[in-house]
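# Structure at a glance
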Amino acid sequence: MASPNKKLKPCPDSETPSYHQTIPNEIWMSILSYLRPFTLCSMSETSHRFHQLSRDPILWTNLTIDWQSIRNCTTSVEGLINRSTKIKSMTVRIRTRPFELEPVDGLQMVMIVKKAKSTLTSLTFSPEINWDQGSRIMEIALVNNGIAKLGTMTNLTSLELAGEWIKTAEIKAISNLVKLEELEMPGAEHVTPNDLEYLFSQLTNLKLVDISDCKKGASDMVVTALAQNNPQLEYLALDECELVTGKSLKVVAEKCPNLKHLSLDSDDQVNDPAMLKIASSCPNLNYVSLGLCSTVK
């Protein structure tokens, strides 16, 4: 038993600040910026200081969420988006296991995304399949297709989504997004040349376009409309667009002098004169892919 006259030493923790208290807020903000949204929310519950730091809008400008979270934890996801008052970029990941076809409620997914429409400028829907050794892009069974609802998100400058989700109604909705500078929708096999011509006559600020594997939709008429209305185009991917010929590529050469990236894999109607025109008219061109183009020598 301790002597009554002997003073007890105070616990070191009561006098010495813990290590995290000695780290400046600026450094903690940098660390917190690497955390996933739900992890950041958990971190905010550990102390008053982290609660305050985690509410800084700068941590919530880029948000990545999973479809499974939207489906199973809708209220929590809505809370995340409400917290993200200055969100600029959002990625919705749709992940499933090999050989499992999981239906995705497109309407529910889009309605969640639209809660950020006042500030959101970049939106990506990323379908992935989880293998033991990584992820690969896969097709997703979309039910209750709500993609047409994106037509009211007029602040978007970048949109990436699976082309198999796109039909005529979705094309008309996307055509309302007149601020778009980047549009990626590879695999849009359900659209027609008229659909895409209309789209590219309405969108006039495009710098990046990927409509690869639009076998029935991407034609000379479409590429011509794209080039004539978007002279600032820098990146163009037309892989496996079998209807595209050298005729429309000459229009690209004439109208889009800032072109830097051109991908034409498996486009069998591309020819040497068109590629020479591209090479001579686009001085900033630094990437060309002509895989399996047997008509180009």
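Residues numbered from 1 in each chain as written. Predicted model: local features only at pLDDT ≥ 70, side-chain atom pairs only at ≥ 80, totals over all residues. Heavy atoms only, no water.

## What about the overall build of the protein?
When its secondary structure is counted, the protein shows 13 helices and twelve strands. Across the 297 residues in the protein, those meeting the buried criterion constitute 43%. For the protein, the computed accessible surface area is about 15700 Å², with 51% contributed by carbon and sulfur atoms. (Helix = DSSP H or I, 4+ residues; strand = E, 2+ residues; numbered from the N terminus. Buried < 20%, exposed > 50% of the residue type's maximum accessible area, 1.4 Å probe, protein only. Areas by Shrake-Rupley, 256 points an atom, 1.4 Å probe, with all protein chains shown as cover.)

## Focus on the nonpolar core
Within the largest apolar cluster, 81 residues are counted, with the highest numbers of intra-cluster contacts made by Met90, Met109, Phe125, Leu183 and Phe200. The element best represented in this core is helix 11 (residues 220–229), accounting for five residues. Met90 has contacts with Leu63, Ile65, Ile81, Val113, Ala116, Leu120, Ser122, Leu123 and Thr124, leaving out every residue within four places of it along the chain. (Core = buried A, V, L, I, M, F, W, Y, C linked by side-chain atoms within 4.5 Å. Contact = heavy atoms within 4.5 Å.)

## Observations concerning the environment of Ile166
Following the sequence through the fold, Ile166 ends up in the loop between strand 7 (158–160) and helix 9 (168–174). For Ile166, a relative accessible area of 0% translates into the label buried. Through-space distance from the C-alpha of Ile166 to that of Met185 is 8.1 Å; in sequence the pair is 19 residues apart. Beyond its immediate sequence surroundings of up to four residues, Ile166 is in contact with Ile147, Leu161, Ile171, Ile174, Met185, His190 and Val191.

## Focus: the packing of helix 12 (residues 246–255) against helix 13 (residues 272–281)
Interaxial distance between helix 12 and helix 13 falls to 8 Å at its minimum, and their mutual angle equals 10°. Classed by the angle they form, the pair helix 12 and helix 13 counts as roughly parallel. Packed against helix 12, whose contacting residues are Gly246, Leu249, Lys250, Val252, Ala253 and Glu254, the element helix 13 presents Pro273, Ala274, Met275, Lys277, Ile278 and Ser281 at the interface. Of the residues contributing to the contact of helix 12 with helix 13, the split by class is seven nonpolar, two polar and three charged. (Axes fitted to C-alpha atoms, helices over the stretch in contact; angles between N-to-C directions. Parallel < 35°, antiparallel > 145°, perpendicular 65-115°, else oblique. Nonpolar A, V, L, I, M, F, W, Y, C, P; charged D, E, K, R; others polar.)

## A few points about the packing of aromatic side chains
Think of a pair of aromatic rings as described by two things: how far the centres are apart, and how the planes are tilted against each other in angle. Enumeration according to the criterion identifies one aromatic pair in this entry. Judged by centre distance (5.9 Å) and plane angle (70°), the ring pair of Phe125 and Trp165 falls under edge-to-face. Here Phe125 is found in strand 4 (residues 122–131), whereas its partner Trp165 is found in the loop between strand 7 and helix 9, with 40 residues between them in sequence. Pair check on accessibility: Phe125 and Trp165 agree, each one buried. (Phe/Tyr/Trp six-rings, centres within 6.5 Å; stacked < 30°, edge-to-face > 60°.)

## Quick word on the confidence of the model for the protein
Taken over all residues, the pLDDT of the protein has a mean of 85, while the share at 70 or more is 86%. Counted against residues more than four places away or in other chains, residues 130–138, with its pLDDT under 50, gives 21 contacts. (pLDDT = per-residue confidence, 0-100.)

## Details of the state of the cysteines
Two cysteines form a disulfide when their sulfur atoms are joined by a covalent bond. On inspection of all chains with the given rule, the structure shows zero disulfides. The thiol sulfur of Cys256 is not disulfide-bonded, and the nearest other cysteine sulfur, from Cys282, lies at 7.3 Å. Of the residues examined, Cys256 reaches a relative accessible area of 0% and is grouped as buried. Taking the relative accessible area as the measure of exposure, Cys282 reaches 2% and is therefore buried. (Disulfide = S-S within 2.5 Å.)

## Here we look at the packing of helix 10 (residues 193–202) against helix 11
For the pair helix 10 and helix 11, the least separation of the axes is 8 Å and the interaxial angle reads 0°. Considered as vectors, helix 10 and helix 11 are oriented roughly parallel to each other. Contact residues: Pro193, Asn194, Leu196, Glu197, Phe200 and Ser201 in helix 10; Met221, Val222, Ala225, Leu226 and Asn229 in helix 11. For the contact of helix 10 with helix 11, the per-class residue count stands at seven nonpolar, three polar and one charged.

## So, helix 4 (residues 37–44)
Because each turn of an α-helix spans 3.6 residues, side chains separated by three or four positions in sequence point in the same direction. Listed in full, the buried residues belonging to helix 4 are Pro37, Leu40, Cys41 and Ser44. When helix 4 is viewed along its axis, its buried side chains cluster within an angular range of 100° and face the same direction. Check the buried side of helix 4 and you find it contacts helix 3 (25–32), helix 5 (48–54), strand 1 (62–66) and helix 7 (74–83). (Arc of directions from axis to C-beta.)

## Topic: the side chain of Ser212
For Ser212, the location among the structural elements is in the loop between strand 9 (208–210) and helix 11. Looking at Ser212, its side chain comes within polar contact range of the main-chain nitrogen of Asp239, at 3.3 Å. For Ser212, the contacting residues outside a window of four places in its chain are Pro186, Gly187, Ala237, Leu238, Asp239 and Cys241. (Polar contact = N/O pair within 3.5 Å; in protein donor to acceptor, adjacent residues only side chain to side chain.)

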